[in-house]
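Notes for the structure review
What follows is the residue order along each chain.
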Amino acid sequence: MAIIPPALSPVSRSLDNVLPDRYLVIIQENLIRSGMYVKASDLMTLVLLGGLLFGFLGLISFLIIGINPLIGLVVGLVTPVAIVFGWLFFLMERRVDAIEQTTPDFLRQIASLLRAGIGIETALEDISKQGGGPLNDELKRAVIEIKIGSTFDDSLLSMGERLKSKTLDRTFRMIIEGKRVGGSLSDVIETVAEDLRAVLALKRERRANVMMSVMFLLIAAIVAAPFALGMIMIYSGFITSLGKVNPLLGAAYISASGYIIIHSIIAGLLIGIVLYGSARKGVKFSLILAPVAFGIFYLIKTFGMMFIGFS
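What you see is a predicted model, and the numbers here were worked out from it, not measured in a lab. (Residues numbered from 1 in each chain as written. Predicted model: local features only at pLDDT ≥ 70, side-chain atom pairs only at ≥ 80, totals over all residues. Heavy atoms only, no water.)

**Some remarks on the packing of helix α4 (residues 69–115) against helix α5 (residues 120–128)**
In contact at an axis separation of 9 Å, α4 and α5 are set at 130 degrees when each is read in the N-to-C sense. On the basis of the axis angle, α4 is oblique to α5. Viewed along their axes, α4 and α5 form a crossing whose handedness is right-handed. In this structure, α4 contributes F106, Q109, I110, L113 and L114 to the contact, and α5 contributes I120, A123, L124 and I127. Looking at the contact of α4 with α5, its residues break down into eight nonpolar, one polar and no charged. (Axes fitted to C-alpha atoms, helices over the stretch in contact; angles between N-to-C directions. Helix = DSSP H or I, 4+ residues; strand = E, 2+ residues; numbered from the N terminus. Parallel < 35°, antiparallel > 145°, perpendicular 65-115°, else oblique. Left-handed = near helix turned anticlockwise from the far one by under 90°. Contact = heavy atoms within 4.5 Å. Nonpolar A, V, L, I, M, F, W, Y, C, P; charged D, E, K, R; others polar.)

Encoded structure:
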């Protein structure tokens, strides 16, 4: 699906020729995994143009407000990349969660069809033709792989590898092992479905139990730290306005900004560990918390003196 106007097609084709194929393949796989069926070079074209536009706007804005315009340029160039890839990461995680939630019902359907005497490959194809959603998209891809020569086992394993879900990979490996050792495959799949349903229920229960810890981390990241450091910067600026030179004021601002960003990133990773047991899943929170926390800190530092009555 094309997402750029025809006038930008030459830029997209140029990126196809310039960027190494392995990077384009990685980006394309991640786009498919997130449920965005667009061409990787088309997306990169939009990111490139967005970076140039935001970079120009950042340069002008920082020049107007008296901050080093090169910082604005760098921030503008990086912003579209962070937004796009942060959004893709969020879509990928949400899609995997949706697939995990619907997998138990899919397995029970497979087990029912097997009891009716239908082969497992045929059952997989029949279910892939029903309904929609991210799981059906993955099943259709697995069916296509089987038709072009892959085995049922390989198609299941590749699905788990694409989704990068330990829960689904474990589930599929249990089914493959049950199929290998013989016995009633329908009973094995039914048992695996119930086991997966229990695992997902435990995950939801754990998520509900740790919400207080998550709220504490959020408040610490976007309220407590930005407010405290912002007030320190206000006090330092007030002392400077009285004629007392503070040579460390510039270094203090850089240090405070760095601390805010690092603190927010760590808080996001901790939220991922608390909620999902994985720091990798906390990256999406870090990508949101870092700019929000820095924005609050910057607003307090810039406009705080007016709020508390100093001019």
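From this point, the narrative continues.
**So, the confidence of the model for the protein chain**
For the protein chain, the mean per-residue pLDDT works out to 81, and 91% of the residues sit at or above 70. Across the protein chain, element-level confidence peaks in helix α3 (residues 40–64) with a mean pLDDT of 86 and bottoms out in helix α12 (residues 283–307) with 79. (pLDDT = per-residue confidence, 0-100.)

**So, the packing of aromatic side chains**
For the structure on display, the rule yields three aromatic pairs. On the numbers, 6.3 Å between centres and 50 degrees between planes, the contact of F294 with F297 is tilted. Residue F294 and its partner F297 are both found in helix α12; the two are separated by three residues, about one turn of the helix. According to the relative accessible area criterion, F294 is partly exposed, its value standing at 26%. Assessed through its relative accessible area of 0%, F297 is described here as buried. Between F294 and Y298, the ring centres sit 6.5 Å apart and the planes meet at 25 degrees, which makes this aromatic pair stacked. Note that F294 and Y298 are positioned in helix α12 at a spacing of four residues, about one turn of the helix. Judged by its relative accessible area of 21%, Y298 is partly exposed. (Phe/Tyr/Trp six-rings, centres within 6.5 Å; stacked < 30°, edge-to-face > 60°. Buried < 20%, exposed > 50% of the residue type's maximum accessible area, 1.4 Å probe, protein only.)

**A word on a nonpolar patch on the surface**
A contiguous nonpolar patch, built from V11, L48, L49, L52, V74, L77 and V78 and spanning about 550 Å² of accessible area, is present on the exposed surface. When residues of the nonpolar patch are traced back to their parent elements, those giving at least two are α3 and α4. Inspection of the secondary structure puts L48 in helix α3. The exposure class assigned to L48 is partly exposed, which follows from its relative accessible area of 42%. (Patch = residues over 30% accessible without salt bridge, like charges linked within 9 Å, V, L, I, M, F, W, Y side chains within 5 Å. Areas by Shrake-Rupley, 256 points an atom, 1.4 Å probe, with all protein chains shown as cover. Salt bridge = Lys/Arg side-chain N within 4 Å of Asp/Glu carboxyl O.)

**Description of the pattern of salt bridges**
Scanning the model with the defined rule gives 15 salt bridges in all. A salt bridge links D16 to K39; the nearest nitrogen and oxygen atoms lie 3.0 Å apart. In this pair, D16 is assigned in helix α1 (residues 9–18) and K39 in the loop between α2 (21–34) and α3, connecting sequence segments 23 residues apart. What makes K39 partly exposed here is its relative accessible area of 38%. The partner of E138 in a salt bridge is R95, with the nearest N and O atoms 3.1 Å apart. Here the residue E138 occupies a position in helix α6 (residues 134–147), and R95 occupies one in helix α4, the gap between them amounting to 43 residues. Among the residues examined, E138 registers a relative accessible area of 3% and is labelled buried. Residues joined by salt bridges that share partners form a network here, namely E29, R95, E138, R141, E145 and R162.

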